[in-house]
Amino acid sequence: MTDTSDELDVLAVFSHPDDAELSVAGTLLKLKSQGYRTGVCDMTRGEMGTRGTVEIRAQEALEAARIMRLDARLNLQQPDGHVWLTDESRTALVRVIRQHKPRVLLTTHWDDPHPDHAHTCQIAREAARLATMVRYDEKSGQQAVHMPAIMHSLFSRRVVRSFIVDVSEYVSEKMESIRAHASQFYRADSREPTTRISEQGFLEQIEVRMRYFGSLIGVAAGEPFFVEEALNVDDPVALLTRPMNIYS
Ligand SMILES: [Zn+2]
């Protein structure tokens, strides 16, 4: 009998313990509400972060996982600030993909100014392909899997999105999951050094971005994604008659 308890429908692969929250928490919450099993795999423990410690950040990540209603939160313990496409990093993610068998991966886009984010995207794309190859990492004893589809979360507005997910109902839970990383964001009483993301106003910008992407499809909030491959559409009428914005 096959033990399917580890199986996930969707796995979000990001670099640092708050990246998935900032990028795709709304989509993960929506997918969970639709009955999918969801997980996040963080590449690093965020030890290069100016604020907080590894222990504090691990606790915050678990609290955020609870708010995002994840079925699994994993950590590959790659070195923060030094995430590279190596045989070791690829194999580590191949093992996660083979264990959890996600059908869809969410990750960063390769055109991301943070090297860890760009490299995480490369690792995810290559590991997704390698996980299908029977002879790759045979010694692990794991079986090859079908290749998961990959959707890339977008930050740069220069990358044209393939679609935007309507996350209007999940704005407050997403913001709560981000605020679970209390060491990283603005607190009036904090004595730690200020960083870009801990400046007062950063979280407001995150929410404004969601509102902006929502406006492009005529809804209250959205998260944008890019898919490299051509989309296979079954019913273009149903697709194109959903709320849109001709001025997007
Ligand atoms: Zn990051």
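A brief report on the enclosed structure follows. None of the values given here were measured: they were computed from a predicted structure.

Cut-offs used in this document
Residues numbered from 1 in each chain as written. Predicted model: local features only at pLDDT ≥ 70, side-chain atom pairs only at ≥ 80, totals over all residues. Heavy atoms only, no water. Helix = DSSP H or I, 4+ residues; strand = E, 2+ residues; numbered from the N terminus. Rg over C-alpha atoms; globule rule 2.2 N^0.38 Å. Buried < 20%, exposed > 50% of the residue type's maximum accessible area, 1.4 Å probe, protein only. Contact = heavy atoms within 4.5 Å. Areas by Shrake-Rupley, 256 points an atom, 1.4 Å probe, with all protein chains shown as cover. Patch = residues over 30% accessible without salt bridge, like charges linked within 9 Å, V, L, I, M, F, W, Y side chains within 5 Å. Salt bridge = Lys/Arg side-chain N within 4 Å of Asp/Glu carboxyl O. Donors = N, O, S within 2.8 Å, 3.2 Å for Na, K, Ca; no water. Tetrahedral: all angles 85-135°; square planar, octahedral: opposite > 155°, others 65-115°. Pairing = 2+ DSSP bridges. Axes fitted to C-alpha atoms, helices over the stretch in contact; angles between N-to-C directions.

Describing the overall build of the chain
Working step 1: Scanning the chain from terminus to terminus reveals 7 helices and 7 strands.
Working step 2: Along its sequence from the N terminus, the chain presents helices and strands in the succession β-α-β-α-β-α-β-α-β-β-α-α-β-α.
Working step 3: Taken against the 2.2 N^0.38 rule, which gives 18 Å for 248 residues, the C-alpha radius of gyration of the chain at 18 Å falls within 12% of a compact globule.
Working step 4: With respect to the three principal axes, the spread of C-alpha positions in the chain is 50 × 50 × 35 Å.
Working step 5: In the chain, which comprises 248 residues, the share counted as buried stands at 48%.
Working step 6: Restricting the contact set of the chain to residue pairs at least 6 apart, pairs at least 24 apart contribute 81%.
Working step 7: Within the structure as shown, the chain displays about 13200 Å² of accessible surface, and the carbon and sulfur contribution to it stands at 52%.

What to know about a nonpolar patch on the surface
Working step 1: Together, Leu231, Val233, Leu239, Leu240 and Met244 line one region of the surface with nonpolar side chains, adding up to about 490 Å² of accessible area.
Working step 2: Of note, leucine 239 is situated in helix α7 (residues 236–240).
Working step 3: Taking relative accessible area as the criterion, leucine 239 reaches 45% and is therefore assigned partly exposed.

Some words on the coordination of the zinc ion
Working step 1: At the metal site, the zinc ion is ligated by His16 (ND1), Asp19 (OD), Asp19 (OD) and His117 (NE2), and these contacts range over 2.1 to 2.3 Å.
Working step 2: With 4 donor atoms in place around the zinc ion and angles of 57 to 122 degrees between them, the coordination shape is irregular.
Working step 3: Coordination of the zinc ion draws on donor residues from a single chain, spaced H-x2-D-x97-H in sequence. Residue histidine 16 is located in the loop between β1 (10–14) and α1 (19–33), and its partner histidine 117 is located in helix α4 (residues 115–130); the two are separated by 101 residues in the primary sequence. Judged on exposure class, the residue histidine 16 and its partner histidine 117 are both buried.

Some points on the sheet that holds strand β4 (residues 104–107)
Working step 1: The sheet built from 7 strands is open, its strands ordered β3-β2-β1-β4-β5-β7-β6 with mixed pairing. The strands lining the two open edges of the sheet, one partner per strand, are β3 (72–78) and β6 (163–166). For this sheet, the mean inter-axis angle between neighbouring strands, taken without regard to orientation, is 30 degrees.
Working step 2: Across 4 bridges, β6 lies against strand β7 (residues 222–226) in antiparallel orientation. From the neighbouring strand, isoleucine 164 faces β7, where its bridge partner is proline 224.
Working step 3: Of the strands in this sheet, β1, β2 (38–44), β3, β4, β5 (149–153), β6 and β7 touch α1, which is tilted by about 175 degrees from β1.

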